[in-house]
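Analysis of the macromolecular model
Here is what each chain is made of, one letter per residue.
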Amino acid sequence: TVAVDGPKITESNPDRSIKTVFTQTVTDKDGKEVINDVFKSSYDSPYKYPHPGDQMLAAKPSNWTNDEWDQYKQAYHEANPSPTKKR
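A brief structural summary.

**Some thoughts on the nonpolar core**
Core analysis: the largest hydrophobic core is formed by six residues, namely Y47, W64, W69, Y72, A75 and Y76. If sequence neighbours within four positions are ignored, Y47 has contacts with D15, R16, W64, Y72, A75, Y76 and A79.

**Focus on the sheet that holds strand β3 (residues 33–43)**
Here three strands make up an open sheet; going across it, the order is β1-β2-β3 and the pairing antiparallel. Where the open sheet ends on each side, the last strands, each with one partner, are β1 (2–12) and β3. Sheet twist, expressed as the mean angle between neighbouring strand axes with direction ignored, is 15°. Of the pairings in the sheet, the one linking β1 to strand β2 (residues 18–27) comprises eight bridges and is antiparallel in character.

**Points about the environment of A75**
Relative to the helices and strands, A75 resides in helix α1 (residues 66–79). The exposure class of A75 is buried, given its relative accessible area of 7%. It is 9.4 Å that separates the C-alpha atoms of A75 and P46, two residues lying 29 residues apart in sequence. In contact with A75, not counting residues within four places along its chain, are D15 and Y47.

Each value, and the rule that gives it
Residues numbered from 1 in each chain as written. Predicted model: local features only at pLDDT ≥ 70, side-chain atom pairs only at ≥ 80, totals over all residues. Heavy atoms only, no water. Core = buried A, V, L, I, M, F, W, Y, C linked by side-chain atoms within 4.5 Å. Buried < 20%, exposed > 50% of the residue type's maximum accessible area, 1.4 Å probe, protein only. Contact = heavy atoms within 4.5 Å. Pairing = 2+ DSSP bridges. Helix = DSSP H or I, 4+ residues; strand = E, 2+ residues; numbered from the N terminus. Axes fitted to C-alpha atoms, helices over the stretch in contact; angles between N-to-C directions.

Dropping the structure here:
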């Protein structure tokens, strides 16, 4: 039998980067555990990467909190700074 638990988010950051974990357990026909693997993953902030043709959301999605919306706007502006003017 193969059982998978997860993925579960173990760390979530304001810039939307996350860390996750999932576990795979394999047991034989007698119920003896033969494999128990833990898989850990880290996902960088999506705002650090270009999204061609993508624009910042103009309005807060209805399922976001005000804090999530503020974090999104801050992370977006940090990843997409306005060009500086030359004097």
